[in-house]
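Below are the chains, spelled out letter by letter.
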Amino acid sequence: ALISLPDSLHVLWIWTVIGLAGFYRTFMHSYFPAAGGRDVSHQPLGRDFVNPWLGAKMALHGETADIFSISGYMDQVHKIFAEPAPHLNFSYPPDILLLIWVLGFLPYFPAFALWTGAGMAGLARGLWKHMGAARVEGVLLAIFSPACLINFWSGQNGSFTAALFLGGLYLCEQSPVAAGVLFGLLTIKPHLGILIVPVLLMRRNWRCIVSASATTGLLVVSSIALWGLEPWRGYVSETLPYQEHLLQLAEGFYPKMMPGVWADCLIVMKMPHAAAAAVAMLCAALAATVSLFAVWREGITPRTVLALAL
């Protein structure tokens, strides 16, 4: 069956199988379910999903300011999940609460199932229309890739952000307003959209820019209208410095979950943080230049979308 597939799909299937073989060890060591709703590393099942679920629940109970207080948030984590509780912080900007509040109405595991199913469905929908004759194989390759399975088991948001990123790029030429809405929603993880801004400017896609700006503005203004400025103050004064501290600390499981030049230099090559950051920034600048040059040369195509995503 593999031999009958196009060459590119043949190679991707091989890499997916190899990736799954490597992921098996990580799964058994870190994510395999154990007793009491926890995994073998003593974290709650769907460990990163604790943040969107607990954040939504706290917002529904009028505790929005505490979400962005490191100590106040951890008090709630310990209260609900008891010991040993994961050391977490709510790393999203406050406007994401508008999009996830429904999770707070559900118990943890039904909410986790909804979160995971919706993310997978969104990613599959974002890919389906643009896969051509290979859409079934393409979607299966995505869903069974180690990256997608990590999202599935650890409750991360990567399926949603991938759907917004890819869907927006695929739509930005034909449906710029709809694409702008997707890009506006992607600002819940603002650093993932850095290359989108120069792409839209390069393509002079003003309608998409206006739509994205309006969507972002609406989210921010609505969050301020509902909860005031205090959550945003906490996000800027506590959450962002704490995230920077975690990056500089570079200890434990956290940096190992971030594949790329920075983590490789820091963890594999044992480089000092400043040197690893310098190498990573140099590589990022080169990758951004090459990707944007590809867009300038041939426009928005499946190949340039892949380059931007990588």
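For the structure itself, look to the data block above.
Here we summarise the structure given alongside this text. (Residues numbered from 1 in each chain as written. Predicted model: local features only at pLDDT ≥ 70, side-chain atom pairs only at ≥ 80, totals over all residues. Heavy atoms only, no water.)

Moving on, we come to unusual backbone geometry. Located in the positive-phi region is Arg-204, a residue other than glycine, with phi close to 50°. Structurally, the position occupied by Arg-204 is in the loop between helix H11 (196–202) and helix H12 (206–227). You will see that Lys-270, though not glycine, has its phi angle at about 60°, which is positive. In this fold, Lys-270 is placed in the loop between helix H14 (261–268) and helix H15 (273–298). (Helix = DSSP H or I, 4+ residues; strand = E, 2+ residues; numbered from the N terminus.)

For the rest of this paragraph, the subject is the packing of helix H6 (residues 108–128) against helix H8 (residues 146–154). The N-to-C vectors of H6 and H8 enclose an angle of 160°; their axes lie 9 Å apart at closest approach. Here H8 runs roughly antiparallel to H6, going by the angle between their axes. In terms of crossing hand, the pair formed by H6 and H8 is right-handed. Here H6 contributes Phe-112, Thr-116, Met-120 and Leu-123 to the contact with H8, which in turn contributes Cys-148, Phe-152 and Trp-153. (Axes fitted to C-alpha atoms, helices over the stretch in contact; angles between N-to-C directions. Parallel < 35°, antiparallel > 145°, perpendicular 65-115°, else oblique. Left-handed = near helix turned anticlockwise from the far one by under 90°. Contact = heavy atoms within 4.5 Å.)

Next up on the list: the packing of aromatic side chains. Applying the stated criterion to the full structure yields 20 aromatic pairs. Ring centres of Phe-49 and Trp-115 lie 5.6 Å apart, and the angle between their planes is 45°; on these two criteria the pair is classed as tilted. One end of the pair, Phe-49, is in the loop between helix H1 (7–31) and helix H2 (50–60); the other, Trp-115, is in helix H6, with 66 residues separating them in the sequence. Exposure class is identical for Phe-49 and Trp-115. Each is buried. Here Trp-232 and Tyr-235 contribute two aromatic rings whose centre-to-centre distance is 6.1 Å and whose plane-to-plane angle is 85°, an arrangement assigned as edge-to-face. (Phe/Tyr/Trp six-rings, centres within 6.5 Å; stacked < 30°, edge-to-face > 60°. Buried < 20%, exposed > 50% of the residue type's maximum accessible area, 1.4 Å probe, protein only.)

What the rule picks out here adds up to four salt bridges. Residue Arg-203 is joined to Glu-173 by a salt bridge in which the shortest nitrogen-to-oxygen separation is 2.8 Å. Of this pair, Arg-203 sits in the loop between H11 and H12 while Glu-173 sits in the loop between helix H9 (158–171) and helix H10 (176–185), and the two are 30 residues apart along the sequence. Look at Arg-203 and you get partly exposed, because its relative accessible area is 34%. (Salt bridge = Lys/Arg side-chain N within 4 Å of Asp/Glu carboxyl O.)

As a rule of thumb, nonpolar side chains are buried together in soluble globular proteins. The biggest cluster of nonpolar side chains holds 27 residues, and the ones touching the most others in it are Phe-49, Ile-67, Tyr-73, Phe-90 and Ile-100. Secondary-structure elements contributing two or more residues to this core are H2, helix H4 (70–81), helix H5 (97–100), H6 and helix H13 (230–249). For this core, the element with the most residues is H2, which contributes six residues. When residues no more than four places from it in sequence are discounted, the contact partners of Phe-90 are Asn-51, Pro-52, Gly-55, Ile-67, Phe-68, Tyr-73, Ile-96, Leu-97, Ile-100 and Thr-239. Ala-124, Leu-127, Val-139 and Leu-308 belong to the second largest nonpolar core, which has 26 residues in total. (Core = buried A, V, L, I, M, F, W, Y, C linked by side-chain atoms within 4.5 Å.)

Moving on to H6. End to end, H6 covers 30 Å across 21 residues, agreeing with the expected 30 Å (1.5 Å per residue, within 8%). Considered for burial, the residues of H6 that qualify are Tyr-108, Ala-111, Phe-112, Trp-115, Thr-116, Gly-119, Met-120, Leu-123, Ala-124, Gly-126 and Leu-127. Elements in contact with the buried residues of H6: H2, H4, H5, helix H7 (135–143), H8 and H9. (Expected span 1.5 Å × (residues − 1).)

As for its placement among the helices and strands, Thr-26 is situated in helix H1. Residue Thr-26 is classed as partly exposed on the basis of its relative accessible area of 30%. For Thr-26 and Ile-150, which are 124 residues apart along the polypeptide, the C-alpha to C-alpha distance reads 9.5 Å.

This next bit is on the layout of surface pockets. Taking a probe equal in size to a water molecule and rolling it over the atoms shows the remaining empty space. If you add up the space inside the second largest pocket, you get close to 470 Å³. Along its surface, the second largest pocket is lined by 25 residues, and Gly-122, Phe-160, Ala-163, Leu-164 and Leu-185 are the ones closest to its centre. Of all the secondary-structure elements, those providing two or more residues to the lining of the second largest pocket are H5, H6, H9 and H10. Top element by residues in the lining of the second largest pocket is H6. It accounts for seven residues. Split by residue class, the lining of the second largest pocket holds 17 nonpolar, six polar and two charged. (1 Å grid on protein atoms, 1.4 Å probe; cavity = no way out; pocket = protein on both sides within 12 Å on 5 of 7 lines; lining within 4 Å. Points joined across faces, edges and corners; volume = space filled by probe spheres on them. Nonpolar A, V, L, I, M, F, W, Y, C, P; charged D, E, K, R; others polar.)

Remember that the coordinates give geometry; whether it matters functionally is a separate question.
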